[in-house]
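Listed below are the residues making up each chain.
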Amino acid sequence: MNDEILSAILNELKRLADAAERTAGPKAPTVDWAAADCFVWAPERLALQPVSRPNRVELSLIKGVDHVKSILHDNTERFGAGFPANNVLLWGARGMGKSSLVKAVHAAVNEDLSIRLKLVEVHREDIDTLPALMEVLKTSDERIVLFCDDLSFDHDDTSYKSLKAALDGGVEGRPDNVVFYATSNRRHLLPRNMIENEQSTAINPSEAVEEKVSLSDRFGLWLGFHKCSQDDYLAMIDGYADYFKLTVERERVHAEALEWATTRGSRSGRVAWQFIQDLAGRLRQTL
């Protein structure tokens, strides 16, 4: 075989290899799971960005939700230990610590178990990229809590179909090493008027509603959060004040905290934390 023929064959093989690589699409990224316990999904780069200092509080500081806290901790602990666990929807009143509880439970379980659970956050606007993210996660040996904060869908938003497929649907289904946690102000993830519109305009109203409401059925656990009582609110204040060693009289703190809640029109964990930040600033103490 002369050099010209050999060169032509090699060039043709290279052309075929390049074409195959182009049609195969982007390669799954290599993830350095040892870089952190928490990651954020960056779909434009098909990458998981490590978070070295997650924004979270101690589990003991989350008050007024003891029952759901226990359920979520048990579900997460079982999953981290390699046993079956459910997808979880944390829904209900705003500011009551839904997302804080997910992050705090993740940290607490990691302290208790020898295995290191990974928390991967996917932003609401990136839900339609879940299939690509699942391709990355399912090849990992890590146990992964996939987390979406403030999840909801508006009219004409079809990205919920990607979520349905990622949770249970499709031939492959959800990978065994992944569990999905989401927080939402809506129990069914959809506004009531959207469901009512579907019911009034569809040829078969019940089927149209079923298609969208069935999304929340993909979550095996529904954990409800409700507005807190005054006692629970003050317990949150006391917990923060004791934890951060804020030196101030208890009766004065309670009076100021109640006034703070009145000006905000609600009592919640978020309002309690905002008051503590204001109090610490006035006392010239760091948190």
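Criteria and thresholds
- Along each chain, residues carry numbers from 1 onward, in the same order as the chain's sequence is written.
- Restriction of local features to residues with pLDDT of at least 70 applies here, the model being predicted, together with a cutoff of 80 or more for giving and counting side-chain atom pairs; totals for whole chains, interfaces and linings are based on all residues.
- Hydrogens and water are ignored here; the side-chain numbers use all heavy atoms of the structure.
- Relative accessibility thresholds used throughout: buried, under 20% of the residue-type maximum; exposed, over 50%; partly exposed, between the two (1.4 Å probe, protein chains only).
- A run of DSSP states H or I qualifies as a helix once it reaches four residues; a run of E qualifies as a strand once it reaches two. Both are numbered from the N-terminal end.
- It only takes one pair of heavy atoms within 4.5 Å for two residues to be counted as in contact.
- Multiplying one less than the number of residues by 1.5 Å gives the expected span of a helix.
- Here the arc refers to the set of directions running from the helix axis out to each C-beta atom.
- Angular values range over 0 to 180 degrees, each being the angle between N-to-C directions of two axes fitted as lines to C-alpha atoms, with helices fitted over their stretch in contact.
- Here is the rule for angles: anything less than 35 degrees is roughly parallel, anything more than 145 is roughly antiparallel, 65 through 115 is roughly perpendicular, and the remaining ranges are oblique.
- By definition, turning the near helix anticlockwise from the far helix through less than a right angle yields a left-handed crossing, and turning it clockwise yields a right-handed one.
- Residues are grouped as follows: nonpolar covers Ala, Val, Leu, Ile, Met, Phe, Trp, Tyr, Cys and Pro; charged covers Asp, Glu, Lys and Arg; every other residue, Gly included, is treated as polar.
- In this text, buried Ala, Val, Leu, Ile, Met, Phe, Trp, Tyr and Cys residues form a nonpolar core when linked through side-chain atoms within 4.5 Å.
- Here a Phe, Tyr or Trp ring, Trp counted by its six-membered ring, pairs with any other such ring whose centre lies within 6.5 Å, and the pair is stacked when the planes are under 30 degrees apart, edge-to-face when over 60, and tilted otherwise.
- Throughout this description, the term charge over a ring refers to an Arg CZ or Lys NZ atom that lies within 6 Å of the ring centre and within 35 degrees of the ring normal.

K.L.:
Can you help me understand the pairing of strand 6 (residues 178-184) in this one?
P.N.:
Every other side chain in a regular strand lies on the same face of the sheet, so the side chains alternate between the two faces. For strand 6, the tally of buried residues reaches 7 of 7 residues, placing the bulk of the element in the interior. With burial as the criterion, each face of strand 6 is covered, one bearing Val178, Phe180, Ala182 and Ser184 and the other bearing Val179, Tyr181 and Thr183.

K.L.:
Where do I start with the environment of Val271 in this structure?
P.N.:
With respect to the secondary-structure elements, Val271 resides in helix 10 (residues 269-283). The spatial distance from the C-alpha of Val271 to the C-alpha of Tyr233 is 8.8 Å, given a sequence separation of 38 residues. Contacts of Val271, omitting those with residues within four sequence positions, involve Tyr233, Trp260, Ala261, Arg264 and Ser266.

K.L.:
Quick question: what am I supposed to make of helix 9 (residues 250-264) here?
P.N.:
Note: α-helices contain 3.6 residues per turn, so residues at a spacing of three or four share the same orientation. With 15 residues, helix 9 extends 21 Å from end C-alpha to end C-alpha; this agrees with the ideal 21 Å at 1.5 Å per step. Taken together, the buried positions of helix 9 are Val253, Ala257, Trp260 and Ala261. Across the axial projection of helix 9, the buried residues extend over an arc of 95°, all falling on one side. Within helix 9, the exposed residues directed more than 90 degrees away from the buried face are Glu251, Glu259, Thr262 and Thr263. Backbone geometry just after helix 9 places Gly265 at a positive phi near 80°.

K.L.:
Explain the packing of helix 8 (residues 230-243) against helix 9 here, please?
P.N.:
A packed helix pair is summarised by two numbers, namely the angle formed by the two axes and the spacing between the axes. Relative to each other, helix 8 and helix 9 sit at 125°, their axes nearing to 10 Å. Taken together, the axes of helix 8 and helix 9 are oblique relative to one another. Pair helix 8 / helix 9 crosses with right-handed handedness. Along the contact surface, helix 8 presents Gln230, Tyr233, Leu234, Ile237, Asp238 and Asp242, while helix 9 presents Arg250, Val253, His254, Ala257, Leu258, Trp260 and Ala261. Looking at the contact of helix 8 with helix 9, its residues break down into 8 nonpolar, 2 polar and 3 charged.

K.L.:
So what exactly am I meant to see when it comes to the packing of helix 8 against helix 10 here?
P.N.:
Two elements in contact, helix 8 and helix 10, have axes separated by 9 Å at closest approach and are oriented at 40°. Overall, the two elements helix 8 and helix 10 adopt an arrangement that is oblique. For the crossing formed where helix 8 meets helix 10, the hand is right-handed. Residue-level inspection shows Tyr233, Met236, Ile237, Tyr240 and Ala241 of helix 8 in contact with helix 10, the latter providing Gly269, Val271, Ala272, Trp273, Phe275 and Ile276. Split by residue class, the contact of helix 8 with helix 10 holds 10 nonpolar, 1 polar and no charged.

K.L.:
For this particular structure, what's the right way to read the nonpolar core?
P.N.:
Generally speaking, nonpolar side chains in soluble globular proteins are found buried as a group. Grouped together as the largest cluster of nonpolar side chains are 48 residues, with contacts concentrated most on Leu72, Leu101 and Tyr233. Residue contacts for Leu72: discarding those within four places in its chain leaves Val88, Leu90, Leu101, Val102, Val105, Tyr181 and Leu223. Core analysis: the next-biggest nonpolar cluster, separate from the first, contains 31 residues, Ala36, Trp41, Leu137 and Leu167 among them.

K.L.:
What's the story with unusual backbone geometry in this structure? I'm lost.
P.N.:
Phi at Leu46 is positive, roughly 50°, even though this residue is not glycine. For Leu46, a relative accessible area of 23% gives the class partly exposed.

K.L.:
For this particular structure, what's the right way to read the packing of aromatic side chains?
P.N.:
Note on aromatic pairs: each is described by the distance of the centres and the angle between the planes. According to the stated counting rule, one finds 7 aromatic pairs in the structure shown. For the ring pair Tyr240 and Phe244, a centre distance of 6.5 Å and an interplane angle of 20° mean the geometry is stacked. The buried category is assigned to Tyr240, whose relative accessible area is 7%. Considering the side-chain rings of Tyr240 and Trp273, the 5.1 Å spacing of their centres and the 50° angle between planes classify their relative orientation as tilted. Taken together, the residues Tyr240 in helix 8 and Trp273 in helix 10 connect sequence positions 33 residues apart. Taking the relative accessible area as the measure of exposure, Trp273 reaches 25% and is therefore partly exposed. Put simply, the rings of Tyr240, Tyr243, Phe244 and Trp273 pair up and form one aromatic cluster. Over the ring of Phe79 we find Arg143, and its NZ or CZ is 4.3 Å from the ring centre. Arg264 extends its terminal NZ or CZ atom over the ring of Trp260, reaching a point 3.7 Å from the ring centre.

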